[in-house]
Amino acid sequence: MDADWAQVTTCVAFPAPPGSNGYPRRPTAIAFDVAQELLWVGSEMGRVTSFSGRDLQRYTSFRIHPDSEGPVHQILFHDKGVIILGSRSVHMAMRRGPALWNIRHDDMTALRCMSFTSKGASEIVVAGWQDTMLVIDVNKGEVVKTVPAEHHYSTMKKSRYICAATKSGIVDIIDPVTLKVAKTWKAHLSYINDMDAQNDFIVTCGGSVKQQAAQVYMLDPYVNVFDLKNMASMKPMPFPPLAAHVRLHPRMLTTSIVVSQQAQMHVVDLMNPNTSNVRYANITSPLSMFEIAPSGEALVLVDSECQLHLWGSPSKIHFTDLGAPAELPEPEERPPVLDWSPDTPLSSVGMPYYRELLFSAWPAGFVSDVGAPPPQVDPAFLATLKQVEWGYYGPNTKKNQPRNQVADTRSMGKASNALKPPKFLSEKARETSSSSYSASARAMSDIESERSNGEIEGLKLEAPPMYWNCEIKYSKFGIDDFDFAYFNQTCYAGLENNVSNSYANSLIQLMNYTPLLRNMALQHAATACLVDPCMLCEMGYVFDMLQKAEGSTCQATNMLKALVHSPQALSDKLLEDEGSGQSLAAMVQKLCKFLLDSISQEYRSIPAASTALEQSLFNLGPSPDPDDLVSRILTTSAVTAIKCTNCRSEYSRPGNTCYNDLMYPVQKPTARGVRAPQTTFSQVLKMGVERETTTKGWCNRCSRYQTLQTRKTIKSVPAVLALNTAITTPEQKKLWATPRWLPEEIGIIVDQGQFFCYEGQDLQLHLLRGAHDIAVYSLVGLVVNIESGKPLKSHLVSMVNLAHSDPTPPNKSRWHMFNDFTVRAISTGEALTLNATWKTPTVLMYHLKTANNKSSMDWKANLDTSILFADFRSESDAKTYHVLNQQTEKPGPETIIALDTEFVSLKQPEIHMNSDGERETIRPMSHALARVSVIRGQGEEEGTAFIDDYIAIREPIVNYLTLYSGITPEDLDPRTTKHNLVSLKIAYKKLWVLLNLGCKFLGHGLRQDFRVINIQVPRAQIIDTIEKFYLKARLRKLSLAFLAWYLLKEDIQLETHDSIEDARTALKLYRKYLEFEDAGILDLMLEDIYRAGRATNFKPQRRDDQVVQRTLTPPLPMEGGPGGGPVTPTPATGKRGGGFVVRPGFSTPGAGKGASPMRD
């Protein structure tokens, strides 16, 4: 209490009504607000009034219960409002006055006090002169349980315990968790007049009987103190004027203020009670109440004449630290008076300015047309009807329409903006040439007509069809029959959305077209990294796949599997299957932070394959430090200064981050008709980067939780600026919906720890002046949350400007929308037009302009191939493969390798039976790669496997498909397997390295193999025998077993499948294909093959009287052992005329010294 403390304001809280002879109402409860500059007072008639500021101006006033229920007993504060206690009810209201809830209960008979529990401000316990205590959930506004009370309580205060004073001078110390009495303290002989508890201390003042016979009570001349830490009484503080009220100082831990009924105040230290600072208040009537503000800079006294006396330092007085401004009603402005005459222009009549959507703008879902035209009846149908007594009847000629459903006649004849569902590829292949106008052509026509109108779809009240979430449909041929090309007429690949956690598709596309991020991922993937899971490697594989796809649809299955197996992703609740209940917008923002942190850590773990691009971009020397590269590309380097508002101590710590959350200024209320100040994107970005906040935190100097102020001092800004929009309020959504609010380019200056951002004309002026070193950033794209409304679920799309990632910079923006597998070109206005109702941004990506269109393919020249020559099994084990010789067998663009894989099932298919009795596939069977075999297609060891990996699958397997795959549970169990069991990462990387070395992949039906492997191989590197022996006019592709039976005279896949055998068979078939082509008889042989297939139903014919035993793939002999070469099992039915049998030590004619006859 400073020396200049004095009385500042005096007022009557509840004056008598005007014109009456009544008396002022007596205040019965008083409290300072903890969040705003308000003083709250409750009356004996159930009314609550708040006073604002040092002048105690009336702010709000409302009644919580009828007059008959008595006074207000206590007031508590919550972020959403105030909680007021009456004798028979508990009331919560907003600070502006409107009620939030009012609770009445049969057990509420004589309530007197309440307190928050261990759950903070979300739960309170109320008690009184009754036998039960009630626990109330503040957020729900309901009683959750009742607890028996050991005493009748009149006062409650909360510190580390709930301290409850009784009518008989006892204080119960209650555990805030269990609400059980932990200790009982006899504070005074007769009664307790006032009590306070804070931190580790309880202070009380009370009275005792002065004359036992007459039962005359008087106040005690001391204040009792109790130590909560040691659970023991302390030495009382003497107070000769008789202590009536006591409060602990909210900011000074051991200081208390004791007040007598005659307004004499002593400021006493609990540790030294013999010395005190004495003050007197000039009050003529006895005091009835006393309270101190949370800031410690004000106190209020209430006398028996119902007056409030506010005390404090006139220059410092305030109620709470960092209090929010009170919400004031807008003043009513009178319209200007117009001097109306016949010559007055109509333009002088002002139009109202609307900040919100008018109530008359009904959503489209609320508007319905009354009445509908009758359905059109086909005349041919009328001709088939037969007349009976009750009407007409006839056969249903509309076989393709659902029965018993009302036709939507109003929409007939209207053009729809949505693309019609495409036909399956198998259906289109059966269409006759007369109706050859394909669905893809129709889709292209629809898209072009939709673009030509120039209308911006983002301005509509509801999400238009182009933003809707599309689902993949399945025929009996599976997903390969779905026409993805119908939804993507561009050369840029989309991503399928039928796998778990595919909400990440939009973010993956955005990062793929951020040049420096894509370069980092590919550089790292080209190294010898074998860490599993490694998100940066997986991102490199996906980015490479999207680049090689050239417009076909891909899937990020392996990357999303790695995400599932990441412990950090699980703890951050990034998985859809965990059922966290959070929105996709919040999940993708956390996913972006997780991926950027993963890139930052994993890029440092191993030197990149090539850093030539970064060296030239940032003027670095050879072999730059990975930490320096990560800092320049991803990290916002900063120092965070933290200051305690209580003791003013300050310290700093590193504040580096790869991700910045935007912050928005608090909108202050303005007068009616006055426009609010314009908020720019640059201001929001500056606030988000410098991040000046006020939070509760631990202060080491104060040894307690205090209000801490934090602010960042910026050292440098990275080349890739990732931003989280952090939209939480409708006002922020409306800000983003402002036309042309999001700039395509921004300029950033970092000078002496300060961050400056410019856009539009300000940016152009700084560039013209050239006075500062300004870095210009381009908007690569943004991830947008689409709220389509029921029945469609919300989903994410990405808007990407591909002009910044193309190798050759175009002279204009090239915005595209990636809606999973739907990809389409859009205008700049469409991309940057946001909608507060259904189209809100979640993640933004800005990229240094000087790094745009910079891509490096040096990683291919520096590709680490050591994994191809590494053997993960010991030499003593029996093997079915020989790894490549690093000296003599170096794969390259002329290398042909034969590939085959085996799968297992992770999920059974989901089948739906519709009303017509037809089976409809909702979700097909989910497969996982279980075995991959690769054999040499050339050279002296042609036909020998150099990869035969079994995959250790982490997911639960529902079916091993042993009949078709040859895989048994023992094969994939590390404890029982006899094979080369490796992780999916190792098996995949071998194939990825072979792919980027330019090897040609040979096999039969490779499309399904590549799909389960999750790899994209360019057409120039594929030799698929299923396509080589295929006549398009016959609409049927031939199986490997049938071709082997007819052309090679071999029986394969007798009991089960074996990937090495199948790969070798495909290699032999390709040799046959080359023979037929060289001889010029390929077309004749194809006709002959299909003719034989029709005669046998395309099934290989085997002799029924012969039992053929299935043999496992034989192990290769050790070097120097018998045989000297690979062995292929010879089936018992293998010898037929015109065929040949492969025997031990076989070699291809022309292989070895001469050139191989196989060619592309």
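Residues numbered from 1 in each chain as written. Predicted model: local features only at pLDDT ≥ 70, side-chain atom pairs only at ≥ 80, totals over all residues. Heavy atoms only, no water.

Going by what an unreviewed UniProt entry lists, the chain is known as PAN2-PAN3 deadenylation complex catalytic subunit PAN2 and is assigned to Cercophora scortea. Recorded in UniProt for the chain, the comment headed Catalytic activity (unreviewed entry) runs: "Exonucleolytic cleavage of poly(A) to 5'-AMP." Quoted verbatim from the Subunit (unreviewed entry) heading of the UniProt record, the comment on the chain is "Forms a heterotrimer with an asymmetric homodimer of the regulatory subunit PAN3 to form the poly(A)-nuclease (PAN) deadenylation complex." (UniProt positions renumbered as here; feature names shortened; annotations may be inferred.)

Caption draft 1: Looking closely at the pattern of salt bridges. Considering all chains together, one arrives at 36 salt bridges under this definition. Measuring nitrogen to oxygen at the nearest pair gives 3.2 Å for the salt bridge that ties Asp 1058 to Arg 931. On the criterion of sequence distance, the pair formed by Asp 1058 in the loop between α21 (1040–1048) and α22 (1059–1079) and Arg 931 in strand β49 (residues 926–936) is long-range, its members being 127 residues apart. The same class applies to Asp 1058 as to Arg 931, namely buried. Salt bridges sharing common partners tie together Lys 686, Glu 690, Glu 692 and Arg 711. (Salt bridge = Lys/Arg side-chain N within 4 Å of Asp/Glu carboxyl O. Helix = DSSP H or I, 4+ residues; strand = E, 2+ residues; numbered from the N terminus. Buried < 20%, exposed > 50% of the residue type's maximum accessible area, 1.4 Å probe, protein only.)

Caption draft 2: Local environment of the nonpolar core. Formed by 152 residues in total, the largest nonpolar core has its most connected members in Met 511, Leu 596, Phe 681, Leu 685, Met 799 and Tyr 846. When residues no more than four places from it in sequence are discounted, the contact partners of Leu 685 are Leu 662, Leu 721, Leu 723, Ile 746, Phe 755 and Cys 757. Core analysis: the second largest hydrophobic core is formed by 37 residues, Phe 1042, Tyr 1070, Leu 1082 and Phe 1098 among them. (Core = buried A, V, L, I, M, F, W, Y, C linked by side-chain atoms within 4.5 Å. Contact = heavy atoms within 4.5 Å.)

Caption draft 3: Region of interest: the UniProt feature "binding site: a divalent metal cation" (unreviewed entry) in the chain. Mapped onto this numbering, the UniProt entry annotates "binding site: a divalent metal cation" (unreviewed entry) at Asp 900, Glu 902, Asp 1009 and Asp 1062. Maximum C-alpha separation among the annotated residues is 12.4 Å over a sequence range of 163 residues, consistent with a single clustered spot. By the secondary structure assignment, Asp 900 is in strand β46 (residues 896–907). Assessed through its relative accessible area of 9%, Asp 900 is described here as buried. Once residues lying within four places of it in the same chain are set aside, the contact partners of Asp 900 are Arg 931, Val 932, Ser 933, Asp 1009, Ser 1059, Asp 1062 and Ala 1063. With respect to the helices and strands, Glu 902 occurs in strand β46.

Caption draft 4: Summary view of the side chain of Asn 819. Along the polypeptide, Asn 819 turns up in strand β43 (residues 815–819). For Asn 819, the side chain forms a polar contact with the main-chain oxygen of Trp 468, separated by 2.7 Å. Each residue touching Asn 819, except ones within four places of it in the same chain, is listed here: Met 466, Tyr 467, Trp 468, His 795, Leu 796 and Val 797. (Polar contact = N/O pair within 3.5 Å; in protein donor to acceptor, adjacent residues only side chain to side chain.)

Caption draft 5: Examining the pairing of strand β44 (residues 822–825) more closely. Examined bridge by bridge, β43 and β44 share 4 bridges and lie antiparallel to one another. Bridge pairing in β44 links Met 817 to Arg 824. Count of turn residues in the β43/β44 antiparallel hairpin: 2 residues, of which Asp 820 carries a positive phi of about 60 degrees. (Pairing = 2+ DSSP bridges.)

Caption draft 6: Geometry of the sheet that holds strand β14 (residues 153–158). Pairing is antiparallel across the open sheet formed by 4 strands, whose spatial order is β14-β15-β16-β17. What marks the edges here is a single partner per strand, and that holds for β14 and β17 (181–186). In this sheet, neighbouring strand axes are inclined to one another by 20 degrees on average, regardless of whether the strands run parallel or antiparallel. Where strand β16 (residues 170–174) meets β17, 5 bridges bridge the pair, whose relative direction is antiparallel. Each bridged residue has a counterpart across the sheet, and for Ile 173 the counterpart in β17 is Lys 183. (Axes fitted to C-alpha atoms, helices over the stretch in contact; angles between N-to-C directions.)

Caption draft 7: Structural detail: helix α23 (residues 1082–1096). Taking 1.5 Å of rise per residue, the 15 residues of α23 would be expected to cover 21 Å, and the 21 Å separating its terminal C-alpha atoms lies within 8% of that figure. One or two positions beyond α23, positive phi appears at Asn 1097, with a value near 60 degrees. (Expected span 1.5 Å × (residues − 1).)

Caption draft 8: Main features of helix α18 (residues 984–996). In this model, α18 (13 residues) spans 18 Å end to end at C-alpha, consistent with the 18 Å of a helix rising 1.5 Å per residue. Across the 13 residues that make up α18, a large majority, 12, are buried. Within the sequence span of α18, burial applies to Lys 985, Ile 986, Ala 987, Tyr 988, Lys 989, Lys 990, Leu 991, Trp 992, Val 993, Leu 994, Leu 995 and Asn 996. Gly 998 sits one or two residues past α18 and shows a positive phi near 95 degrees.

Caption draft 9: Seen up close, the confidence of the model for the chain. Across the chain, pLDDT averages 84, with 87% of residues at or above 70. Per-element averaging of pLDDT across the chain places helix α3 (residues 439–452) at the bottom with 43 and strand β52 (residues 1000–1003) at the top with 96. The model gives residues 432–452 a pLDDT under 50, and that stretch makes 21 contacts with residues more than four places away or in other chains. This stretch, residues 1105–1160, has a pLDDT under 50; its non-local contacts, to residues over four places away or in other chains, come to 100 contacts. (pLDDT = per-residue confidence, 0-100.)

Caption draft 10: Examining the packing of aromatic side chains more closely. Inspection of the entire model under this criterion finds 30 aromatic pairs. Ring centres 5.6 Å apart and planes at 10 degrees place the aromatic pair Trp 859 and Trp 992 in the stacked group. One end of the pair, Trp 859, is in helix α16 (residues 858–861); the other, Trp 992, is in helix α18, with 133 residues separating them in the sequence. Look at Trp 859 and you get buried, because its relative accessible area is 1%. (Phe/Tyr/Trp six-rings, centres within 6.5 Å; stacked < 30°, edge-to-face > 60°.)

Caption draft 11: Geometry of the state of the cysteines. Summed over the entire model, instances satisfying the criterion amount to 0 disulfides. Cys 537 supplies the cysteine sulfur nearest to Cys 529, a cysteine that is in no disulfide, at a spacing of 3.7 Å. (Disulfide = S-S within 2.5 Å.)

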